[in-house]
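Chain residues, written in single-letter form:
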Amino acid sequence: MLDRLATLAARHQELTELLALPDVVSNLELLEKYGRERASLEPVVTSYERLKALDASIAEARQLVEEDEDIELVELARLELEDLAAKREATFNEVRGLLLPKDPKDEKDIIVEIRAGTGGGEAALFAADLYRMYSRYAERRGWKTEVIDVHETGLGGFKEIVFEMRGRGAYSHLKFESGVHRVQRVPLTEASGRLHTSAATVAVLRVVEEVELEINPDDLRIDIFRSSGAGGQNVQKVSTAVRITHLPTGIVVTCQDERSQLKNRLKAMAHLRAKIYSIEQEKKAAEVEQERRLQVKTGDRSEKIRTYNFPQDRLTDHRIGLTVHGLPRILDGEIGEVIEALMLADRQQRESEAGVAA
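Residues numbered from 1 in each chain as written. Predicted model: local features only at pLDDT ≥ 70, side-chain atom pairs only at ≥ 80, totals over all residues. Heavy atoms only, no water.

Student: Got a sec to walk through the nonpolar core? Specific residues and values, please.
Tutor: One finds Ile114, Leu130, Tyr134, Leu174 and Tyr308 to be the most contacted residues of the largest nonpolar core, which totals 37 residues. At the level of secondary structure, the elements contributing two or more residues to this core comprise strand S1 (110-116), helix H5 (120-141), strand S3 (158-166), helix H6 (170-174), strand S5 (196-206), strand S11 (322-325), helix H9 (327-331) and helix H10 (336-354). Per-element accounting of this core gives the leading share, 9 residues, to H5. Those residues in contact with isoleucine 114 that sit more than four places away from it in its chain are Ala127, Leu130, Tyr131, Tyr134, Lys159, Glu160, Ile161, Phe163, Thr201 and Val202. Val208, Leu220, Met269 and Ala274 belong to the second largest nonpolar core, which has 21 residues in total. (Core = buried A, V, L, I, M, F, W, Y, C linked by side-chain atoms within 4.5 Å. Buried < 20%, exposed > 50% of the residue type's maximum accessible area, 1.4 Å probe, protein only. Helix = DSSP H or I, 4+ residues; strand = E, 2+ residues; numbered from the N terminus. Contact = heavy atoms within 4.5 Å.)

Student: Account for the pattern of salt bridges, with residues named and values stated.
Tutor: A full pass over the atoms with the stated rule returns 25 salt bridges. Arginine 132 is the salt-bridge partner of aspartate 332, the closest N and O atoms lying 2.4 Å from each other. One end of the pair, aspartate 332, is in the loop between H9 and H10; the other, arginine 132, is in helix H5, and 200 residues separate them in sequence. Residue classification places arginine 132 among the partly exposed positions, given a relative accessible area of 43%. (Salt bridge = Lys/Arg side-chain N within 4 Å of Asp/Glu carboxyl O.)

Student: For unusual backbone geometry, give the residues involved together with the corresponding values.
Tutor: Even without glycine at this site, aspartate 313 takes up a positive phi of about 50°. Along the chain, aspartate 313 turns up in the loop between strand S9 (304-309) and strand S10 (314-317).

Student: Describe in detail the packing of aromatic side chains, supporting the description with residues and values.
Tutor: Scanning the entire structure with this criterion turns up 4 aromatic pairs. Ring centres 5.3 Å apart and planes at 70° place the aromatic pair phenylalanine 126 and tyrosine 308 in the edge-to-face group. Highlighted residues: phenylalanine 126 in helix H5 and tyrosine 308 in strand S9, separated in sequence by 182 residues. By the burial criterion, phenylalanine 126 is buried, and tyrosine 308 matches it. Taken together, a centroid distance of 5.8 Å and an interplanar angle of 85° make the contact between tyrosine 137 and tryptophan 143 edge-to-face. The structure contains a cluster of three or more aromatic residues connected by ring pairs, namely Tyr131, Phe158 and Phe163. Between arginine 185 and the ring centre of phenylalanine 310, over which it is positioned, the NZ or CZ distance is 5.0 Å. (Phe/Tyr/Trp six-rings, centres within 6.5 Å; stacked < 30°, edge-to-face > 60°. Lys NZ or Arg CZ within 6 Å of the ring centre and 35° of its normal.)

Student: Before we move on, can you summarise the sheet that holds S3 with the specific residues and values?
Tutor: Ordered in space as S2-S3-S1-S5-S4-S9-S10-S11, the 8 strands form an open sheet in which the pairing is mixed. Here the strands that pair on one side only, and so sit at the sheet edges, are strand S2 (144-152) and S11. Neighbour to neighbour, the strand axes of the sheet diverge by 20° on average, direction disregarded. In this structure, S2 lies alongside S3, joined through 8 bridges in antiparallel fashion. Paired with glutamate 152 across the strands is phenylalanine 158, a residue of S3. (Pairing = 2+ DSSP bridges. Axes fitted to C-alpha atoms, helices over the stretch in contact; angles between N-to-C directions.)

Student: Describe the side chain of glutamate 164, with residues and values.
Tutor: Secondary-structure assignment places glutamate 164 in strand S3. With relative accessibility at 14%, the residue glutamate 164 sits in the buried group. Only 3.5 Å separates the side chain of glutamate 164 from the side chain of arginine 166, close enough to count as a polar contact. Setting aside anything within four residues of it in sequence, one finds glutamate 164 in contact with Ile110, Ile111, Lys144, Thr145, Glu146, Ile148 and Val207. (Polar contact = N/O pair within 3.5 Å; in protein donor to acceptor, adjacent residues only side chain to side chain.)

Student: Any details on the packing of helix H1 (residues 2-18) against helix H3 (residues 28-67)? Residues and values, ideally.
Tutor: Where H1 contacts H3, the axes come no closer than 9 Å and their chain directions differ by 135°. Relative to H3, H1 is oriented oblique. When you trace H1 past H3, the crossing you get is left-handed. Within the contact between the two elements, H1 uses Leu2, Leu5, Ala6, Leu8, Ala9, Arg11, His12, Leu15, Thr16 and Leu18 and H3 uses Tyr34, Glu37, Arg38, Leu41, Glu42, Val44, Val45, Tyr48 and Leu51. (Parallel < 35°, antiparallel > 145°, perpendicular 65-115°, else oblique. Left-handed = near helix turned anticlockwise from the far one by under 90°.)

Student: Tell me about the environment of threonine 201, residues and numbers included.
Tutor: With respect to the helices and strands, the residue threonine 201 is situated in strand S5. Among the residues examined, threonine 201 registers a relative accessible area of 27% and is labelled partly exposed. Along the backbone, threonine 201 and alanine 127 are 74 residues apart, and their C-alpha atoms lie at a distance of 8.1 Å.

Student: Go over helix H4 (residues 71-99), please, and point to the residues and values.
Tutor: A rise of 1.5 Å per residue sets the reference length of H4, with its 29 residues, at 42 Å; its end C-alpha atoms lie 41 Å apart and thus fit the reference within 8%. Among all positions in H4, only Val74, Ala77, Leu81, Leu84, Thr91, Phe92, Val95, Arg96, Gly97 and Leu99 are buried. For H4, the capping residue at the N-terminal end is aspartate 70, with a side-chain oxygen 3.1 Å from the backbone nitrogen of glutamate 72. (Expected span 1.5 Å × (residues − 1).)

Student: Just give me the short version of the sheet that holds strand S8 (residues 251-255), but keep the residues and values in it.
Tutor: Overall, antiparallel pairing links the 3 strands, which are arranged S6-S7-S8 in an open sheet. In the strand order of this sheet, the two ends are held by strand S6 (220-226) and S8, each with one partner. Averaged over all adjacent pairs, the angle separating strand axes in this sheet is 20°, with direction ignored. Of the strand pairs in this sheet, S6 and strand S7 (residues 239-246) are connected by 7 bridges, and their pairing is antiparallel. If you follow phenylalanine 225 over to S7, its bridge partner there is alanine 241.

This is how it looks when you write it as structure tokens:
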């Protein structure tokens, strides 16, 4: 790995020199090409330089420990060596991650579907809890969340909610959330205090551009109807909600969140493209098995991926054996610890498969 890093650092330096040449400065195409390549290498080279500096400091500290006769100085050097070793390991892991091939899909916006599963009204309340968790997480990251379609229950739960999440890296952070989420708690309506187990399913779909997936207009049936949700008198009097059925697959999507029929139609089409694309990708993954490494990458919505146990105040992710405590803060959007652990597990698996080593 160090040889590869040295090669990348040399190329970075070469590009720096090229960008200073008059012939390149006067050629906009070359200037942009070299500039983009240099910018892509910048994070790796910066981390590599930091790694080299740490290695030099570690060598100096080791020399002091082995050769110096001043006991106090040697003890200080030992303490510094421990600190440097920890920093070196963290930097080394960072560099390894940067060397992995980038998935262009990771920067995409996403569409999230949450549906109540087994458990009746309690499952619907749990679906609402999950929506709040993800929307609060998005707020903390500066992402925007916009509802596409929602079916509420009388107690404030959701039979189903579909929403778009826009923000850099949304797919990379939440693509591991697809699957069955199970909750164990005593419902507010349970007079006897009996523990219930309920579930909700989550599907995370990346937003797909029209150029990536062409849909034949003849394959669509589009129905316009009056919205049943909130939105003011205009929504109730005018048919603005849109339902689109994809005839070859039977997929049905609806959008009634906007007052404009056109906006609802655009949102519904975005949702439809994401669902069709996701199904096609799942079929390919099932054929070649490459996307099923940890069951972190599967997005299989039939897999029980996580349990939220309220009596024990713990969340357990069954794919990587992770358990964390503090469900109130987690459901308030502080799920970063879990998401980062899943991303790390996926990265380590990809490193192993790619043969990225020291």
